[in-house]
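In case you want the letters, here they are:
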Amino acid sequence: RQHNFTVIFLPVGILACLLSFPLFPAAAEEHPEPTLSSLFPLGGQRGTTIQVQFLGKHLHEVNSLWMRSDSFQARIKSVDPIGEAAVQSTESPKENKSSGYRVIVQMHIDSSAPTGLHPLRLVSKQGVTNALEFRVVDQPVIVETDVPGHSAFELPRLPVIIQGRLAEPGEVDGYVFQALEGQNLSVEVLREPGGGLKGLLTFHRRPLPPEVRLALFGPKGSWLDPDRRPRILFSEERSFKPVPLHTRGTHRVTKSGQLMLAVSSIFGKGHP
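Predicted model, so just to flag it, every value in this text is computed and none were measured.

Asks: How should the nonpolar core be read in this particular structure?
Replies: As a rule of thumb, soluble globular proteins bury nonpolar side chains together. If you look at the biggest cluster of nonpolar residues, it comprises 22 residues, and the most contacted ones within it are F54, L65, L122 and F134. At the level of secondary structure, the elements contributing two or more residues to this core comprise β1 (35–40), β3 (49–57), β4 (62–67), β6 (100–109), β7 (116–124) and β9 (132–137). A per-element tally of this core places β6 first, with five residues. Setting aside chain neighbours within four positions, we find F54 in contact with L36, S38, L39, L65, Y101, R102, V103, V105, L120 and L122. Among the nonpolar cores identified, the runner-up in size contains 20 residues, and Y175, L185, L214 and V253 belong to it.

Asks: Explain the packing of aromatic side chains here, please?
Replies: Centre distance and the angle of the planes are the two values used to describe a pair of aromatic rings. Considering all chains together, one arrives at two aromatic pairs under this definition. Relative to F134, the ring of F72 lies with its centre 6.4 Å away and its plane at 80 degrees, an arrangement referred to as edge-to-face. You can see F72 sitting in strand β5 (residues 72–81) and its partner F134 sitting in strand β9, a full 62 residues away along the chain. Overall, the relative accessible area of 0% leaves F134 in the buried class.

Asks: What should I look at first to understand the pairing of strand β16 (residues 212–217) in this one?
Replies: Successive side chains on a regular strand alternate, one facing one side of the sheet and the next facing the other. As paired elements, β16 and strand β19 (residues 257–265) share six bridges and run antiparallel to each other. Looking at the pairing, A215 lines up with A262 of β19. Direction of pairing for β16 relative to strand β17 (residues 231–232): antiparallel, over a ladder of two bridges. The residue of β17 that forms the bridge with F217 is R231.

Asks: Explain the sheet that holds β6 to me, please; I cannot follow it from the model alone.
Replies: Picture the strands of a sheet paired through backbone hydrogen bonds; they go either parallel or antiparallel. Strands sit in the order β1-β3-β6-β5 across an open sheet of four strands; the sheet is antiparallel. Since the sheet does not close on itself, it has two edges, and those belong to β1 and β5, each with one partner. Neighbour-to-neighbour, the strand axes of this sheet turn through a mean angle of 25 degrees, independent of strand direction. Bridge analysis of β1 against β3 gives five bridges, and the strand direction is antiparallel.

Asks: Please clarify how unusual backbone geometry should be interpreted in this entry.
Replies: Trans peptide bonds make up most of the peptide bonds, and negative phi angles are found at most residues other than glycine. A cis amide bond links F40 to the next residue, P41, at an omega of 0 degrees. With an omega of 0 degrees, the peptide bond running from L158 to P159 counts as cis. Mapped onto the elements, P159 comes out in the loop between β11 (153–154) and β12 (160–163). Phi is positive for H58, close to 55 degrees, though the residue is something other than glycine. The residue H58 is located in the loop between β3 and β4 in this model.

Asks: Where do I start with the sheet that holds β19 in this structure?
Replies: Reading across from one edge, β11-β13-β19-β16-β17 is the order of the five strands in this open sheet, with mixed pairing throughout. Each end of this open sheet is capped by a strand with a single partner; those strands are β11 and β17. Bridge count for β11 against strand β13 (residues 173–179) is two bridges, and the pairing is parallel. Across the sheet, the residue bridging to F153 is Y175, located in β13.

Asks: I would appreciate a short explanation of the environment of S37 in the present structure.
Replies: Position of S37 among the secondary structure elements: in strand β1. C-alpha of S37 to C-alpha of F54: the two residues are 17 residues apart in sequence and 7.7 Å apart in space.

Asks: How should the confidence of the model for the protein be read in this particular structure?
Replies: Detailed conclusions should not be drawn from predicted coordinates in areas where pLDDT is low. On average, residues of the protein score 77 in pLDDT, and 71% of them are at 70 or above. Averaged over each element, pLDDT in the protein is lowest for helix α1 (residues 2–19) (42) and highest for β6 (96). Segment residues 89–97: pLDDT under 50, and ten contacts once partners within four positions in sequence are set aside and those in other chains are kept. Every residue in residues 203–209 scores below 50 in pLDDT, and together they form 39 contacts with partners more than four places removed in sequence or on other chains.

Cut-offs used in this document
Residues numbered from 1 in each chain as written. Predicted model: local features only at pLDDT ≥ 70, side-chain atom pairs only at ≥ 80, totals over all residues. Heavy atoms only, no water. Core = buried A, V, L, I, M, F, W, Y, C linked by side-chain atoms within 4.5 Å. Buried < 20%, exposed > 50% of the residue type's maximum accessible area, 1.4 Å probe, protein only. Helix = DSSP H or I, 4+ residues; strand = E, 2+ residues; numbered from the N terminus. Contact = heavy atoms within 4.5 Å. Phe/Tyr/Trp six-rings, centres within 6.5 Å; stacked < 30°, edge-to-face > 60°. Pairing = 2+ DSSP bridges. Axes fitted to C-alpha atoms, helices over the stretch in contact; angles between N-to-C directions. pLDDT = per-residue confidence, 0-100.

So this is what it looks like as structure tokens:
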């Protein structure tokens, strides 16, 4: 009886060991799941045509854009491999560096498109990606472009929604605009695509470091340096707290002139 028990037990033990390994490891590696890490810009005004950049993993066979609403018309313009540093990843560092991709999609937002958040996914032969949210708004939208050197981006009007990003470590984005005496200025950086679009300036960035910093500067010219802009404190900064708890600021303009808003990270973080 003991001998029979041993004969039956050993094959079961061997089978248990075999089942602890993937049955088809090669197939799993050949067909990794496509994933998205970010998109830019984060939204657009309805009735306009824009280009949206998607970053992600294993997107080489992307062929279409999926959305719930029929108020969008989109086509894939390009799919290009990019460096691993440009894509957020929690995968092993031994992964093939060619797995990062940039997909450019030309998208038309119909004038009847519902405002608010819309989930977008990319579709490929490997499957469907995770969803990223895209906001449709009624207000004018300005998409930040790369400014050469240390020049600031000039805003043509207020109020305005700006789609911007801190793309490089240590980057500081500057925005100049004309302010009028007696004007109440409100600036807010939205961590997520929500919370309302209000105020004279709304900066919309995602993914956004939690330690984002806002700084307001007056017109150029001081006694020591004619090209230097003096710092203006927001109302929220006139306290003993070293770091504001909210990424917003308000200021009542006391003299008309060109002001500049600087957006940066306290610890110099940046990402495409």
